[in-house]
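# Results of the structural survey
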Amino acid sequence: MTVPKAIVNVVNLGRISYGRALQIQQRCVRQHLDSPSQLPNILLMCEHEPVYTIGIRQALYSAEEENRLRNLGADFYRTNRGGLITFHGPGQLVCYPILNLGCFKKSVRWYVCELERTVIGLCRKFEISASTSPDTGVWVGENKICALGINCRMYITSHGLALNCNTDMRWFENIVPCGIVGKGVTSLSQELKREVTVPEAIPPLLEAFAEQFNCTLSFEDVDVNNVIVSDTKVTDK
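Residues numbered from 1 in each chain as written. Predicted model: local features only at pLDDT ≥ 70, side-chain atom pairs only at ≥ 80, totals over all residues. Heavy atoms only, no water.

Under the UniProt heading Function (unreviewed entry), the entry covering the protein chain gives this text: "Catalyzes the transfer of endogenously produced octanoic acid from octanoyl-acyl-carrier-protein onto the lipoyl domains of lipoate-dependent enzymes. Lipoyl-ACP can also act as a substrate although octanoyl-ACP is likely to be the physiological substrate." (UniProt positions renumbered as here; feature names shortened; annotations may be inferred.)

Next up, the structure:
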């Protein structure tokens, strides 16, 4: 008997603050945990206003460091994802898969590898040779083109990946991206020596995601009004 493919609903949130997107994720995860059969698997796509975020190793970043980064004109969030510090901002395609891994494979390691392979597949569509390394993420040579940081609670995923399209790379000069010393960052635009926008990158990313996760993407309207709340700052706990 043929096992039907999992269905993943694609929701494009557009340009949205990190805090609001974080609250949408939190509500979706909670609904998955409370009523696993009621909420579909969702792939949230968006861009953020300038923001620095850190993962679970928060002790490395003092209040003074937070204030320094805020004074640059960016927001700052402490989250429960894996990984160290990174930047999100305009020109970066951010994807937050809210998936029940029971519909795929109950393995966090498998899931992270599939996300990396998805981005490698996207890069291949742009004729960019990308790869993994001992450090999480996707790399072009010694430069990271896509950062990954996830959370998985009872096999429900949140957070995700951030692909540099035509990001202003100067924001990364204020940090050690992902805490990795001696390596740099790059973007689709830098590698191709032409402007590659987020809208241009979305279709090949979705295609690569569907191929890698062997799923069917749905573009039917998903009611996220019940998970969209005000822009009140929250801390991911």
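### What about the overall build of the protein chain?
Counting its secondary structure elements, the protein chain contains five helices and 11 strands. For the protein chain, contacts bridging at least 24 residues in sequence account for 76% of all contacts bridging at least 6. When the accessible surface of the protein chain is split by element, carbon and sulfur atoms take 49% of a total near 11300 Å². (Helix = DSSP H or I, 4+ residues; strand = E, 2+ residues; numbered from the N terminus. Contact = heavy atoms within 4.5 Å. Areas by Shrake-Rupley, 256 points an atom, 1.4 Å probe, with all protein chains shown as cover.)

### Section: the environment of Pro4
For Pro4, the position within the fold is in the segment before β1 (7-16). Exposure remark for Pro4: the relative accessible area of 66% places this residue in the exposed category. For the pair formed by Pro4 and Cys215, sequence separation is 211 residues and the distance between their alpha carbons is 8.8 Å. (Buried < 20%, exposed > 50% of the residue type's maximum accessible area, 1.4 Å probe, protein only.)

### Overview of the packing of aromatic side chains
Considering all chains together, one arrives at nine aromatic pairs under this definition. With a centroid separation of 4.4 Å and an interplanar angle of 20°, the aromatic rings of Phe209 and Phe213 are classed as stacked. Taken together, the positions of Phe209 and Phe213, both in helix α5 (residues 198-213) and four residues apart, correspond to about one turn of that helix. Classification of Phe209 by relative accessible area gives buried; the value is 4%. Here Phe213 falls in the buried class, since its relative accessible area comes to 4%. (Phe/Tyr/Trp six-rings, centres within 6.5 Å; stacked < 30°, edge-to-face > 60°.)

### Side note on the pattern of salt bridges
Applying the stated criterion across every chain, the model contains 12 salt bridges. The partner of Arg30 in a salt bridge is Asp34, and the shortest N-O contact between them spans 3.1 Å. Here Arg30 pairs with Asp34, and both are found in helix α1 (residues 18-34), just four residues apart, close to one helical turn. Note that Arg78 and Glu66 form a salt bridge whose closest N and O atoms lie 3.2 Å from each other. Here the residue Arg78 occupies a position in strand β4 (residues 75-78), and Glu66 occupies one in helix α2 (residues 63-70), the gap between them amounting to 12 residues. (Salt bridge = Lys/Arg side-chain N within 4 Å of Asp/Glu carboxyl O.)

### Things to note about the side chain of Ser187
With respect to the secondary-structure elements, Ser187 resides in the loop between β10 (184-185) and α4 (188-192). Of the polar contacts made by the side chain of Ser187, one reaches the backbone nitrogen of Gln190; its length is 3.0 Å. Here Ser187 is in contact with Ile145, Asn164, Cys165 and Met169, once residues within four sequence places are set aside. (Polar contact = N/O pair within 3.5 Å; in protein donor to acceptor, adjacent residues only side chain to side chain.)

### Focus on the nonpolar core
Core analysis: the largest hydrophobic core is formed by 43 residues, its most contacted members being Met45, Leu93, Leu163, Leu188, Phe209 and Phe213. Broken down by secondary-structure element, the contributors of at least two residues to this core are β1, β2 (41-48), β6 (92-98), α3 (108-125), β7 (138-140), β8 (143-153), β9 (156-164) and α5. Top contributing element to this core by residue count: α5, with nine residues. Those residues within four positions of Phe209 in sequence are excluded, and the remaining contacts are Val8, Leu43, Leu99, Leu115, Thr118, Asn214, Cys215 and Leu217. Among the nonpolar cores identified, the runner-up in size contains 21 residues, and Leu13, Ala21, Cys28 and Val51 belong to it. (Core = buried A, V, L, I, M, F, W, Y, C linked by side-chain atoms within 4.5 Å.)

### Notes on α3
With 18 residues, α3 extends 26 Å from end C-alpha to end C-alpha; this agrees with the ideal 26 Å at 1.5 Å per step. In this structure, the buried side of α3 is in contact with β6, β7, β8, β9, α4 and α5. Regarding α3, its N-cap is Ser107, as a side-chain oxygen of that residue lies 3.0 Å from the backbone nitrogen of Trp110 further along. Following α3 by one or two positions, Glu127 has its phi on the positive side, about 60°. (Expected span 1.5 Å × (residues − 1).)

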